[in-house]
Structures are given as C-alpha cells and as structure tokens.
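Observations on the model geometry
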Amino acid sequence: MKPRFSTPRVAVLSLALLSAVFGLGVPGAQAQEKPLVIARDMDVNALDPHRAWCDTCQIYNAAVYEQLVTLDKDNKVQPLLAESWTSNPEQTEFTFKLNPAAKFSDGSPVEPKDVKWSFERLKNLKGNASFLADPIVSVDSPDAQTVVVKLASPNSEFLNQAAAGFLGVINSDVAAANGALADETAAEKDTSETWFLSHSAGSGPFVLAAYEPNAELRLKRSDTYWGTKPAVPEVIFQQVKDAVSQAQMLQSGSVDIAMQIDPETAKSLEGSSAIVERVPSYNFVYIALSPGAKATTIDMTPEVREAISIAIDRASLIDFTLGGAGRPLAAPIPLGFPGGDGHAIPEYNPEKAREMLAAAGLGDGFTLQTIYPDLNVYGVDFNLMMQKIQQDLSKVGVTLELQPVPFANWREAANGDHIPLTAVFFAPDFFGTSQYIDVFGMQEGSVWAKRAGGENAAAIVNPRPGELKTQALAAPTAEAAEALWAEAAQEMINNRIIIPMVSPDLILAYGPNIKGVRYSACCNLPLAEITNN
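Computed from a prediction, not measured in an experiment: that's the story for all the values here.

1. A few points about the sheet that holds strand β10 (residues 216-221)
- Taken together, the five strands give an open sheet; going across it, the order is β9-β10-β11-β2-β12, and neighbouring strands pair in mixed fashion. Whereas interior strands pair on both sides, the edge strands pair on one side only; in this sheet they are β9 (206-212) and β12 (257-258).
- One ladder, built from two bridges, connects strand β2 (residues 36-40) with β12; its direction is parallel. In the strand pairing of β12, A39 is matched with A258.

Here you go:
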C-alpha cells in the first residue's frame, strides 16, 4: 500500500470517546437520541468509494457502502452482502450468494450487476486502490443472487481483500445516472466525483448527509437499512487538527470521540471521565536504506546495512518518541498478520556496529543524506525520531544530514534519485501479507526495489520474496500459507533495506456510556457497532 494521511499522518489513528449527552430525564420517558460527534483531522481526498484513499475514507466507506464480506474483531471473514461463498481448489474462482434481503438506501435490491459494475469500475478508474481489483479477470452472474469472480492467479487472500472498504458495492443505476462509468474509459471520462461529495449510493447503515471540506462530514442513519440499524442517529466528524485541541474538546464534552490522541496528550485525560486504553495497532514506522541512490557515496553492503540497524537503540527510541507506547518489530509485516510474528528483534550493539563498519573500510566514518517527511504519524514526531537516530548513529561514526520536507517532496525524492537513508510509515489496506511483499520485498518491480535504487545496485534485488508470495497465495491451507509468509518475512529482514522501528499503540479513550468501539483492519472504526446509551 501507499501511505495515506490523517492528523499526524494520515494519522495517529487513535480513537477517543466521551459519553454521549442524553436528553433531560422525565420519569418514564425514553432518553433522547443524540448524535455521535467525532473530532478528527480529516484527510478526505474523495467520497467516491473507488477514488477514496485515506484513513477517514476507510471509516466512511464501511459505514455508507458495504462489501461482499467483512471481518470480525478476530479478523475472521464474516458474511455481509454475501450470505455464503465457496472457492475452487485453485483459489482462482470465488462464488458468492448475495443475501436476498440486501438493498440500497433507495430501497432497490443489491444485485449481481451492481457487484460486477463496482469491481470493474474500481479497476478501470486506475486510482490508488485499483490494485485490489487488478487481479480480477471477470465477474459473472449465472442467476439473480450469484456472483462468480474469476482471478488471473491463485489468491488465498481474496476474501480478506474483498472485505476492504475500497471494494464497496455501489448502486450502479444511481451512480451511472450521475456520471459514473465502469468501462475502460472510466479513468478519463467518469464525471461523478463532484456528485459523490454531496450524495451517496450505498447499502450501508449510514448515508451521507453533508460534507464541507476541511470543516465537517455528517452521516445520518439510513431509514431503509436492511440489517440491524445503528444505535446512533447521526455521526458528525468535525475537523480538528491537533491532538491537544481534540483532548480539550473531549474533556469539555463538546465531542464524543477524539481520533488522534497521542500518548503524551493522553496523559491530560487522566482524572477525567474519559476511559483511556492502549491497544496494539497494525501500523508501523520504519527507516529505509537505498544503496543505489544517486547521493549514496559509500558501498552500502549488507554488512554496512546491518551495522546501521544494530547501531539504533529501538527500545530507547520507543520511549523517547512514544513514552513506551509501542512495540518493536523485526519484519516489515505487522505483528498479528500472517508471517509477522516470531522474528528476533535486532539487538542494540554499537560496539559490533563499529567493528563491522571498520571491517568494511568505513572506520573513519561517513555521511548520509537523510530526507524524510516532516510529519507526526501515529503519535511519532518524525523530527524527534530522526534526531534520536542521528544521535545513535553518530556514536558509530555515521553522520546524518537531516532534511525534513513536505510529504509530496519526499515522494518525489524517493521515487526520483532516491534517498540514502529515509523514514516513512505504513498502514494496511486489508488483512493480508501480500501487500507487504509487493511494497517491501526486493523482487524486481516492488516499490522499494525501485526506491532503493535496484537499477543501480543489482545486488539488492532478491526474487525470493516474490516467489514465496506466489506460493503462499496458492497454498491449500492457512497453516501452509503462514509458513511461507514467515519465510518471506525473514528474506526481507535479511535484505536489510527496510528496517522497522516501531509499531505504535493505538489510543482508545471513551466515556462510560460508549460501547462497541474497536480498531478494525478492514474498516478502521466500525461506526455501526458503537452505542452511546
């Protein structure tokens, strides 16, 4: 995946909730329903579910549109628009039976033609999320309730991908009447983007009520929702940029949820009525080395890269940047994802690092250009983090020239002449490991094989992660796939191009009357599960 933005980050991706306010009590009278108010630095780039690419978009897509399947709190696939499904042994053909009760917010039924149109549109719009639909060869409907999806190659993760909010099913008749296209001309001729900013055409528990960029996003409960209706009648996202302001609004009761509270700001909530929890997240921050970057003036061998890795005190860095509210990880795969657990964290060993650099002929030290995004992401201030890494590496003779830049400038540098040493972040687009191989594996064509300058440093290219990915996607069992993903993870660790620093914890803070809040790999924050009474 590509990074998406949201307060710091796209976001510190934290959640905080205060109790909702009820109407004045009259004996025997029901409490008045109140909206759920959320403070968030909104990163919305679109409200068209097939163009959207942000953290807020994940929440919106899952609340207003629906997918064929979804994930529960244990990341197990559950029915949604599809009440059942099967696959062929090769895992190249998936057959879904649509729930006959499913209907869009205008009351029309969800039909196979809507699924076909939506998947084809996502693919043909050629946006950031289109990679999820690229493997789809065809979508057919042998009868009024059946959808058959055929893939170009085996994909044991397809059901997890189908749960991603970006594969939301749109009411094709309504969208097409307002300029949306699904055919091969969609990328150039689809004119519906503006319409989607003030209208929705989904089957979800909420519908779009209003959107004012950089100010407010309002959702209202769908009166025609075919499933269990949400407990809250309305959800209001308010644009609030910084964590301190969000915490103050939370304490005052003017908002019910603050979504970007970092560990330091969370301390200000101590003693208030808010309940503050820390839970593990699937997000992580990493540094990356580019042996083939134009500005890399040394021979950045595997031994040199290992020396840089073990010269960084990860435990101290996590304490310094997050107050300890995070976990170290060895592989560029989230802890809790297939293949991500069980790998040894590199031991902090500056003495050995100095020895390895001396053996490489670099005992007198060297300088690395270091360009990175000027951001605060998941509570990690990149300037503070890079200053800490700069101090650690200076102890082994490595000088970092720190250059914080806007994210757009960073992307241009990373993809252009590349950057000798940089830092960035990653969050999952779906619950599955293949996306991490595509980005962080050093097989030819991967994102970081390019950014690390593989065209100038052929020795860093490693086809093995890509080969293991192909095998894992065709594995007959989850256990067999897990072993292959773990082997691919070890290959990426051994490459020592991507060096993970921390998986920051997610902060959940909420009032005593708020129930049902959870962090989701597919939906970020499932709004329909939240109650405020």
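2. Some details on the nonpolar core
- Counting 159 residues, the largest nonpolar core has F96, L219, F237, I389, F440, W448 and L527 as its most contacted members.
- Beyond its immediate chain neighbours, meaning those up to four positions away, L219 contacts Y60, A63, V64, F206, V207, L208, A209, E234, V235, F237 and L527.
- If you look at the next biggest cluster of nonpolar residues, it comprises 13 residues, including A39, L250, V255 and A258.

3. A short note on the pairing of β9
- Bridging between β9 and β10 involves six bridges; their strand directions are antiparallel. Paired with V207 across the strands is K220, a residue of β10.
- In textbook terms, the turn of a hairpin is the stretch between consecutive antiparallel strands, and for β9 and β10 this stretch comprises three residues, one of which, N214, has a positive phi near 60°.

4. A closer look at the confidence of the model for the chain
- In the predicted model, the chain carries a mean pLDDT of 93, and 94% of its residues have values of at least 70.
- Contacts of residues 5-29 to residues separated by more than four positions or lying in other chains number 121 contacts, the stretch itself having pLDDT below 50.

5. Describing the packing of aromatic side chains
- Scanning all chains against the criterion turns up 25 aromatic pairs.
- Judged by centre distance (6.2 Å) and plane angle (85°), the rings of Y286 and W448 are edge-to-face. Remark: W448 occurs in helix α15 (residues 447-451) and Y286 occurs in strand β14 (residues 284-289); sequence separation between them is 162 residues.
- Assessed through its relative accessible area of 2%, Y286 is described here as buried.
- The interplanar angle of 65° and the centroid separation of 5.1 Å between the aromatic rings of F426 and F440 together place this pair among those described as edge-to-face. One end of the pair, F426, is in strand β20 (residues 421-426); the other, F440, is in helix α14 (residues 434-440), with 14 residues separating them in the sequence. Across this residue pair, the class does not change: F426 and F440 are buried.
- Its end group placed over the ring of W448, R451 keeps NZ or CZ at 5.3 Å from the ring centre.

Reading guide: rules and limits
- Residues numbered from 1 in each chain as written.
- Predicted model: local features only at pLDDT ≥ 70, side-chain atom pairs only at ≥ 80, totals over all residues.
- Heavy atoms only, no water.
- Pairing = 2+ DSSP bridges.
- Helix = DSSP H or I, 4+ residues; strand = E, 2+ residues; numbered from the N terminus.
- Core = buried A, V, L, I, M, F, W, Y, C linked by side-chain atoms within 4.5 Å.
- Buried < 20%, exposed > 50% of the residue type's maximum accessible area, 1.4 Å probe, protein only.
- Contact = heavy atoms within 4.5 Å.
- pLDDT = per-residue confidence, 0-100.
- Phe/Tyr/Trp six-rings, centres within 6.5 Å; stacked < 30°, edge-to-face > 60°.
- Lys NZ or Arg CZ within 6 Å of the ring centre and 35° of its normal.

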